[in-house]
Amino acid sequence: MALKITVIGTGYLGATHAAAMAELGFEVLGLDVVPEKIEMLQRGEVPMYEPGLEELLRKHVAGIEGSTGRLRFTMDWAEVGEFGDVHFVCVNTPQKHGEYACDMSYVDAAFETLAPHVKGAALVVGKSTVPVGSAERLARTLAELSPAGEDAELAWNPEFLREGFAVQDTLHPDRVVAGVRSERAEKILREVYATPVAEGSPFVVTDFPTAELVKTSANSFLATKISFINAMAEVCEAADGDVAKLAEAIGHDERIGKKYLRAGIGFGGGCLPKDIRAFMARAGELGADQALTFLREIDSINMRRRGQMVEMAREALGGGSFLGKRVAVLGATFKPDSDDVRDSPALNVAGQIHLQGGQVTVYDPKGMANAKRLFPTLGYADSAVGAVRGADVVLHLTEWQEFRELDPAVLGEAASARVILDGRNALDPETWRRAGWTYRAMGRPTV
Ligand code: UGA
């Protein structure tokens with residue numbers, strides 16, 4: 001009989017995983033502790049902006065006309081324990097307040113609440129990003145608290161989905177990593193991922209610590225690549241070189257590769273920044289802190305780029321104070337095709353200029369509601385042209401397609417001065433210069 005799957009936690013990771021499991025043909029029950037989220041999901045609505053996710057959800061959520069009915073949601077842990085052969089734990093692990101370490105309270109609570117309800121043979125699969133060593137500890141929690149004893153087993157199966165591509169990354173993963181302790185656990189995970197594996201996704205079997213480390217090291221590598229190119233941008237700025245050309249040229253070397261070499265205001269979001277910090281904190285606990293001291297530098301290069309953007313804006317305004325100056329900010333989310341503003345470099349730059357007295361007006365295609373909640377004192381406009389109206393300088397800080405399609409001539413009519421600073425190296429300099437704009441980008445020559 002086909003496996004029955006539960007998904008605990010319905011954020012980006014959980015909501016996408018639940019819908020994807022239904023798409024793969026399984027009966028799925030999703031659980032969250034926030035009633036509003038469950039009510040939305042039951043109506044086939046997604047609590048965040050993620051391309052393709054709502055369609056996938058509506059295709060499977062029970063009660064929606066024409067759906068397969070394979071996907072349901074609940075707040076009842078007993079129902080989850082009763083229903084599932086496989087339980088995926090997908091809750092959040094944010095950074096702790098005032099510390100680098102990650103906050104494991106949601107993961108711990110999920111395990112402690114679920115375990116007593118797992119009464120028969122089942123596989124509990126951790127997907128959250130956790131400090132190495134957590135799986136070992138959670139396996140003990142499970143064994144102690146589950147009435148099924150040894151029949152309730154743990155596996156660790158990290159997730160590599162990117163926001164904006166969550167559906168695609170979940171249905172067609174680059175790889176499936178299975179941290180397991182038994183053949184039975186491996187067999188169950190192979191059954192869950194049979195479709196993507198048959199399509200060619202590699203299936204890598206590891207022990208618990210390796211599976212946990214694959215996730216944090218992958219994100220650390222990506223962060224390092226971005227900070228590397230941003231460090232090159234700093235050197236290019238000093239030497240009058242062009243970091244975009246440099247990235248193109250080194251990217252032709254297959255060993256280096258083209259991806260993740262876009263210089264700009266750096267990485268943000270709910271993952272990369274907190275993951276490298278939690279990784280450093282954990283390495284410190286293990287006595288291996290020296291191995292990761294370089295990540296401190298990766299973090300500071302990254303944070304420095306935000307300050308550099310503020311300084312470029314100041315310079316473009318004549319070098320003095322921001323007082324009384326009007327600054328248009330295009331983009332609020334940490335990356336395009338997402339409404340996520342967590343640790344967003346764009347909002348951080350907007351906020352810094354605002355706090356120094358600038359009159360900042362922000363526009364973002366999808367992130368307005370979240371941005372207003374986080375930064376209610378900034379000005380907001382409901383279109384790019386609206387944000388640019390009367391501006392002394394325009395800052396392009398999140399590379400939405402919509403911004404690449406803007407007509408510089410139209411924007412030029414609205415702006416008070418035609419000066420644009422590209423914090424993402426994503427606009428075409430020639431197009432803007434031809435329309436009479438002064439175009440400047442990070443790590444690129446002035447003219
Ligand atoms: C990241 C990883 O890419 C996923 O593999 C991982 O599963 C996920 O974290 C996670 O841990 O859950 P995500 O946070 O969605 O995914 O964002 P990315 O696409 O990695 O972008 C992160 C930041 O780097 C963005 O602010 C983006 O603008 C910036 N970036 C990216 C650059 O500045 N330059 C680049 O060349 C690429």
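Everything numeric in this text was worked out from a predicted model, so none of it was measured.

Rules of the game
Residues numbered from 1 in each chain as written. Predicted model: local features only at pLDDT ≥ 70, side-chain atom pairs only at ≥ 80, totals over all residues. Heavy atoms only, no water. Core = buried A, V, L, I, M, F, W, Y, C linked by side-chain atoms within 4.5 Å. Buried < 20%, exposed > 50% of the residue type's maximum accessible area, 1.4 Å probe, protein only. Helix = DSSP H or I, 4+ residues; strand = E, 2+ residues; numbered from the N terminus. Contact = heavy atoms within 4.5 Å. Pairing = 2+ DSSP bridges. Right-handed = clockwise from strand over helix to strand, strands pointing away. Polar contact = N/O pair within 3.5 Å; in protein donor to acceptor, adjacent residues only side chain to side chain. Phe/Tyr/Trp six-rings, centres within 6.5 Å; stacked < 30°, edge-to-face > 60°. Lys NZ or Arg CZ within 6 Å of the ring centre and 35° of its normal. Near = heavy atom within 4 Å. Nonpolar A, V, L, I, M, F, W, Y, C, P; charged D, E, K, R; others polar. Domains from an automatic or database assignment. Axes fitted to C-alpha atoms, helices over the stretch in contact; angles between N-to-C directions. Parallel < 35°, antiparallel > 145°, perpendicular 65-115°, else oblique. Left-handed = near helix turned anticlockwise from the far one by under 90°. Buried area = accessible area lost by both parts, 1.4 Å probe. Salt bridge = Lys/Arg side-chain N within 4 Å of Asp/Glu carboxyl O.

Enquirer: I'd love a proper account of the nonpolar core, names of residues and values included.
Expert: One finds Ile5, Met21, Val28, Leu71, Phe88 and Leu189 to be the most contacted residues of the largest nonpolar core, which totals 44 residues. If one sorts the elements of this core by residue count, helix 1 (residues 12-23) sits on top with 8 residues. In this view, Phe88 contacts Ile5, Thr6, Val7, Ile8, His17, Met21, Val125, Lys127, Asn157, Leu189, Val192 and Tyr193; residues no more than four positions away in its chain are not counted.

Enquirer: Let's hear about the pairing of strand 1 (residues 4-8): which residues, and what values?
Expert: The element strand 1 is extensively covered by neighbouring structure, given that 4 of its 5 residues are classed as buried. Where strand 1 lies against strand 2 (residues 27-31), 5 bridges are found, and the strand directions are parallel. Among the inter-strand pairings, Ile5 is bridged to a residue of strand 2, identified as Val28. In this region the chain leaves strand 1, passes through helix 1 and returns to the parallel neighbour strand 2; the handedness of that crossover is right-handed. Here 4 bridges tie strand 1 to strand 4 (residues 86-89), and the two strands are oriented parallel to one another. Looking across to strand 4, one finds that Ile5 is bridged to Val86.

Enquirer: Tell me about the environment of Thr398, and name the residues and values.
Expert: Structurally, the position occupied by Thr398 is in the loop between strand 12 (393-396) and helix 17 (401-404). Taking the relative accessible area as the measure of exposure, Thr398 reaches 0% and is therefore buried. Sequence-wise, Thr398 and Lys335 are 63 residues apart; in three dimensions their C-alpha atoms are separated by 5.8 Å. One polar contact links the side chain of Thr398 to the main-chain carbonyl oxygen of Thr333, over a distance of 2.9 Å.

Enquirer: Quick one: what's the story with the packing of aromatic side chains, residue by residue and with numbers?
Expert: Per the stated rule, a full pass over the model turns up 2 aromatic pairs. Centroid distance Tyr363 to Phe403: 6.1 Å. Interplanar angle 70°. Geometry classified as edge-to-face. With Tyr363 in strand 10 (residues 359-363) and Phe403 in helix 17, this residue pair connects regions lying 40 residues apart in the sequence. Classification of Tyr363 as buried rests on a relative accessible area of 9%. Residue classification places Phe403 among the buried residues on the basis of a relative accessible area of 1%. Residues Trp432 and Trp437 carry aromatic rings whose centres are separated by 5.2 Å and whose planes lie at 80° to one another, so their mutual orientation is edge-to-face. Each member of the pair Trp432 and Trp437 is classed as buried. The positively charged end of Arg162 is found above the aromatic ring belonging to Phe165, 4.3 Å away from the centroid.

Enquirer: Summarise the site of the ligand; cite the residues concerned and give the values.
Expert: Close contacts around the ligand come from 21 residues, with Leu161, Lys215, Tyr260, Phe334 and Lys335 the closest. One of the side-chain N or O atoms of Asn219 is found 2.8 Å from an oxygen atom in the ligand. A distance of 3.3 Å is found between an oxygen atom of the ligand and a side-chain nitrogen or oxygen belonging to Arg424. Mapped onto the shell around the ligand, the elements with two or more residues apiece are helix 10 (208-239) and helix 12 (272-285). Per-element tally for the shell around the ligand: the top contributor is helix 10, with 4 residues. Of the residues in the shell around the ligand, the class split is 10 nonpolar, 3 polar and 8 charged. Mapped onto the domain boundaries, the shell around the ligand takes at least three residues apiece from domain 1 (4-206) and domain 2 (208-447).

Enquirer: Break down the side chain of Ser67 for me, citing the residues and quoting the values.
Expert: When you line up the elements, Ser67 lands in the loop between helix 3 (53-60) and strand 3 (71-74). Setting aside residues no more than four positions away along its own chain, Ser67 makes contact with Arg58, Lys59, His60, Val61 and Ala62.

Enquirer: An account of the packing of helix 13 (residues 293-316) against helix 14 (residues 345-355) is needed here, citing residue identities and associated values.
Expert: Contact geometry for helix 13 and helix 14: axes closest at 9 Å, N-to-C directions at 50°. Taken together, the axes of helix 13 and helix 14 lie oblique to each other. As helix 13 runs across helix 14, the sense of the crossing is right-handed. Contact residues: Arg306, Gly307, Met309, Val310 and Ala313 in helix 13; Pro345, Asn348, Val349, Gln352 and Ile353 in helix 14.

Enquirer: How would you explain the domain arrangement of the chain if you had to name every residue and give the values?
Expert: By convention, interface size is frequently given as the accessible area that disappears when the constituent parts associate. What the domain assignment lists for the chain is domain 1 (4-206) and domain 2 (208-447). When residues of domain 1 are sorted by the area they lose upon contact with domain 2, Tyr49, Tyr100 and Val132 head the list and together hold 30% of the total. Summed over the shared surface of domain 1 and domain 2, the result is 1 salt bridge. Across the pair Glu163 and Arg342 runs a salt bridge whose closest N-O atoms are separated by 3.3 Å. The interface formed by domain 1 and domain 2 includes 15 residue pairs in polar contact (both at pLDDT 80 or more). For the side of domain 1 that touches domain 2, the secondary-structure elements that each account for two or more residues are helix 6 (134-145), strand 6 (152-156) and strand 7 (176-179). Top element by residues in the side of domain 1 that touches domain 2 is helix 6. It accounts for 4 residues. For the side of domain 1 that touches domain 2, the per-class residue count stands at 20 nonpolar, 9 polar and 6 charged.

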